[in-house]
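Each chain, written out:
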Amino acid sequence: MQTVRHHRLPSGPCSPDVRNAPSCGLRAGSSALLGLLLAACGGGSDVGAAASAALVTPATAATSPTPGTTPTPAGASTNVDAASALDQLNAARAVARTCGKTQMPAVAPLRWSAALEQAAIGHSEWMQANNTISHTGAGGSSVGTRATAAGYAWKMIGENIAAGQPDLSRVIEAWLASEGHCMNIMHPDFVDVALALKPGTSSNTYRTWWTLDFGRPL
């Protein structure tokens, strides 16, 4: 079983949603993975912007391998420059920082994952189409089931989402200013990453819909 803890920030104060969810569809070397999904409120100072973070991790984490630093070029549908995203995320990871009240050391760089990119694209598109910001996506999917469906066999998975921030620098700045999002970015056990952006339309609440997925492969 997984313990799922959410704090969402759509437009006002956070409200917790605590529940249990089955582990089916989660690949972690066991059909009964005990994981923890953490989320945090906050998203920076952009007016009309929102953000949420989630982390799924096994009960015990192994030592992280050293990731590569060469990105796979992002597909045009992400609306994100993979090299620029990696540069900014890895520059953040290269410097020790305080995430909320938590001291995080400098950590190794991430590498771009084409599979996580597909998962991130699909979720940003779903959020924009449904005009909602949530880690629960199409058909009740979670970040773990979306990564698995995209072909990413994972030991550890995490996700930051946001809406309304106008560009790459602003959304990363917003995530770094929020404890949960910042801790995902600075997590030493993540190896792979991908970021997707879906522009909003005149019928949407927000002008941008962002999904940042992290993973540690099996």
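Whatever comes next refers back to the structure up there.
Please read these numbers as outputs of a predicted model, since none were measured by experiment.

(A) Structural context of the environment of Arg 111. Its place among the elements puts Arg 111 in strand β7 (residues 111–112). Spatially, the C-alpha atoms of Arg 111 and Ala 194 are 8.3 Å apart, while their sequence positions differ by 83 residues.

(B) The arrangement of the state of the cysteines in detail. For the coordinates displayed, the defined rule picks out one disulfide. Between the sulfur atoms of Cys 99 and its disulfide partner Cys 182 the distance amounts to 2.0 Å. Disulfide Cys 99 to Cys 182: torsion about the S-S bond roughly -55°, handedness left-handed. Of this pair, Cys 99 sits in strand β5 (residues 97–99) while Cys 182 sits in helix α5 (residues 179–185), placing them 83 residues apart in sequence. A single burial state applies to Cys 99 and to Cys 182, both of which are buried.

(C) Structural view of helix α2 (residues 114–130). The end-to-end C-alpha distance of α2 is 24 Å, a good match for the 24 Å that 17 residues give at a rise of 1.5 Å each. Within α2 the residues assigned to the buried category are Ala 115, Leu 116, Glu 117, Ala 119, Ala 120, Ile 121, His 123, Ser 124, Met 127 and Gln 128. Of the surrounding secondary structure, the elements contacted by the buried residues of α2 are β7, α3 (143–149), β8 (154–163), β9 (192–199) and β10 (208–217). The N-cap residue of α2 is Ser 113: its side-chain oxygen and the backbone nitrogen of Ala 115 are 3.4 Å apart.

(D) Fine view of the pairing of β8. Summarising burial for β8: nine of the ten residues are buried, a large majority. Pairing analysis gives nine bridges linking β8 to β10, with the strands arranged antiparallel. Opposite Trp 154, over in β10, you have Pro 217 as the bridge partner.

Parameters at a glance
- Residues numbered from 1 in each chain as written.
- Predicted model: local features only at pLDDT ≥ 70, side-chain atom pairs only at ≥ 80, totals over all residues.
- Heavy atoms only, no water.
- Helix = DSSP H or I, 4+ residues; strand = E, 2+ residues; numbered from the N terminus.
- Disulfide = S-S within 2.5 Å.
- Buried < 20%, exposed > 50% of the residue type's maximum accessible area, 1.4 Å probe, protein only.
- Expected span 1.5 Å × (residues − 1).
- Contact = heavy atoms within 4.5 Å.
- Polar contact = N/O pair within 3.5 Å; in protein donor to acceptor, adjacent residues only side chain to side chain.
- Pairing = 2+ DSSP bridges.

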